[in-house]
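Remarks on the overall topology
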Protein chains: 2
Amino acid sequence: MADNFNVSNPVIRRLPRYYRYLSDILASGKTRISSTELAQRMSLTASQIRHDFNCFGGFGQQGYGYNVQQLTSEIEKILYLDKKIPAILIGVGNLGKALCSYLENDAPGINLIGLFDKQPELCKPSSGLTVNHIDAIADFCAERKPKLAILCIPGDDAPKLAKKLCAMGITGFWNFSHVELEVGSVAEVENVHLGDSLMTLGYKVNSIK
Amino acid sequence: MADNFNVSNPVIRRLPRYYRYLSDILASGKTRISSTELAQRMSLTASQIRHDFNCFGGFGQQGYGYNVQQLTSEIEKILYLDKKIPAILIGVGNLGKALCSYLENDAPGINLIGLFDKQPELCKPSSGLTVNHIDAIADFCAERKPKLAILCIPGDDAPKLAKKLCAMGITGFWNFSHVELEVGSVAEVENVHLGDSLMTLGYKVNSIK
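Presented here is an overview of the structure given in this document.

The rules behind these values
- Residues numbered from 1 in each chain as written.
- Chains lettered and ligands numbered in written order.
- Predicted model: local features only at pLDDT ≥ 70, side-chain atom pairs only at ≥ 80, totals over all residues.
- Heavy atoms only, no water.
- Contact = heavy atoms within 4.5 Å.
- Buried area = accessible area lost by both parts, 1.4 Å probe.
- Salt bridge = Lys/Arg side-chain N within 4 Å of Asp/Glu carboxyl O.
- Polar contact = N/O pair within 3.5 Å; in protein donor to acceptor, adjacent residues only side chain to side chain.
- Helix = DSSP H or I, 4+ residues; strand = E, 2+ residues; numbered from the N terminus.
- Nonpolar A, V, L, I, M, F, W, Y, C, P; charged D, E, K, R; others polar.
- Least-squares fit on C-alpha atoms with pLDDT ≥ 70 in both.
- Buried < 20%, exposed > 50% of the residue type's maximum accessible area, 1.4 Å probe, protein only.
- Phe/Tyr/Trp six-rings, centres within 6.5 Å; stacked < 30°, edge-to-face > 60°.
- Arc of directions from axis to C-beta.

We now examine the interface of chain B and chain A. Counting residues at the interface gives 61 residues for chain B and 61 residues for chain A. Between chain B and chain A, a total of about 5300 Å² is buried, with carbon and sulfur atoms accounting for 64% of that surface. For chain B, the biggest contributors to the area lost against chain A are B:L198, B:M199 and B:Y203; these three give 14% of the whole. Linking chain B with chain A are six salt bridges. Counting the contacts that link chain B with chain A gives 16 residue pairs in polar contact (both at pLDDT 80 or more). Of all elements in the fold, only helix 1 (9-27), helix 5 (94-105), strand 7 (172-175), strand 8 (188-191) and helix 8 (194-207) of chain B reach the threshold of two or more residues within the side of chain B that touches chain A. In terms of residues, the side of chain B that touches chain A owes the most to one element, helix 8 of chain B, which gives 14 residues. Residues of the side of chain B that touches chain A, tallied by class, amount to 33 nonpolar, 15 polar and 13 charged.

This part covers the relation of the copies chain B and chain A. Expressed as a screw transformation, the operator carrying chain B onto chain A has a rotation angle of 180° and an axial translation of 0.0 Å, and the superposed copies differ by an RMSD of 0.0 Å. Put plainly, the chains are arranged around a two-fold axis. Both copies contact each other with a shared surface, as 100% of the interface residues of chain B are interface residues in chain A too.

Positive phi, normally seen in glycine, also occurs at A:S43, with a value near 55°. The topology assignment puts A:S43 in the loop between helix 2 (35-42) and helix 3 (46-54). One non-glycine residue, B:K145, lies in positive phi territory at about 50°. In this fold, B:K145 is placed in the loop between helix 6 (137-144) and strand 6 (148-151).

As for its placement among the helices and strands, B:E190 is situated in strand 8. Residue classification places B:E190 among the buried residues on the basis of a relative accessible area of 6%. Only 2.9 Å separates the side chain of B:E190 from the side chain of B:R13, close enough to count as a polar contact. Residue contacts for B:E190: discarding those within four places in its chain leaves A:S197, A:T200, A:L201, A:K204, B:R13, B:F173, B:W174 and B:N175.

Okay, the packing of aromatic side chains next. All names here are of chain A. According to the stated counting rule, one finds 10 aromatic pairs over all chains in the structure shown. With centroids separated by 4.9 Å and ring planes inclined at 75°, the aromatic side chains of W174 and F176 adopt a geometry described as edge-to-face. In this structure W174 comes out as buried when scored by relative accessible area, which is 0%. Members of the aromatic cluster, joined through ring pairs, are Y18, F53 and Y66.

Below, the discussion takes up helix 7 (residues 158-167) of chain B. Residues and elements named next belong to chain B. For helix 7, the full list of buried residues reads A158, L161, A162, L165 and C166. Mapping the buried residues of helix 7 onto a view down its axis gives an arc of 140°, with all of them on the same face. Those residues of helix 7 that are exposed and aimed more than 90 degrees away from the buried face are K160, K163, K164 and A167. On the buried face of helix 7, the contacting elements are strand 3 (85-90), helix 6, strand 6 and strand 7. Directly beyond the C-terminal end of helix 7, a positive phi value near 105° is found at G169.

All names here are of chain B. Looking at where G169 falls in the secondary structure, it is placed in the loop between helix 7 and strand 7. Of the residues examined, G169 reaches a relative accessible area of 25% and is grouped as partly exposed. Through-space distance from the C-alpha of G169 to that of A187 is 9.3 Å; in sequence the pair is 18 residues apart. Ignoring anything within four residues of it in the chain, the contact list for G169 reads P146 and K147.

Laid out in structure tokens, this is it:
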């Protein structure tokens, strides 16, 4: 059972990938898998996989391997995907719209409850949610108590807004702005720096001899 | 001077972040900066910064610090941002559109030359480029020789398409599909697994006591 394990950061970072692979394997109709086969598919070693799953008490049976359904559902619980974190999205431009559509259709563990923009009249997300003016955000947070904020706004505005949002009860940021947020230990931040990712790729492509 | 340095992967991964900070510092009008101050701003140590820059021959002067303009432009050269890699984008949905707009306005080191979709008639990117049918991609690659492909398509289609694109001369993939590509050593792959990032954040937010 998944409950209060003390898990290292690298293992946590690997869990979504396990979840992704196992969900696909489950969807393909396969009911059990050995650590060797799972390792092969994921370009890991079998002992790495056994080590990772042992952090949570281990789920396999000698000679049988893993029950795919059970393993997937345990990882789901460990990642709290059976809960839905109430989230708001700020900045409903193209990227914001793309994320809206993703969050409403595919994203696990998230319940998008509010959209905000400086110019809500210019935003037409395909989403069922209406876009509110950014000035309405404090009242919204007081009433609906979102925990997670998705920032799709320009870098300059992000750090100040993040501090305000912390004071409104936000404890997690999915940060697409190109600056880092300084929120100390008050909130968790997951940065998606697309520019950094693209520059790294460009370097590698240019370095191919 | 930036030329053929043998740089480790972790240093390369840090370079875009240096570039991002230094560009902002340069834009703010500051002309020189000490390793100590740069370290403070970036939450690194000064010795880490000196070590990283020494991989490229070092750029600082004892007692003066770094010339911000010169350092920025050296990192620009190291990252090949003065060159523009010809790139195509495949899958012009909301995410594809968001990336188009980013690539045409802000993205360094990339020249977006073609857009492709299965249903080009349904896509209206704000971009100046027209959206071509995916079937036209082989001819396009033969003629225009793009080097980098941005994949914004569903997971199931991505691995097969990636293999075909390698045969058409693509040597780098910016992969937004939720599966991993198996292209061996033929091409470089940079994955942006948004779901993994979100699940990691969700885990952390849920784990806050």
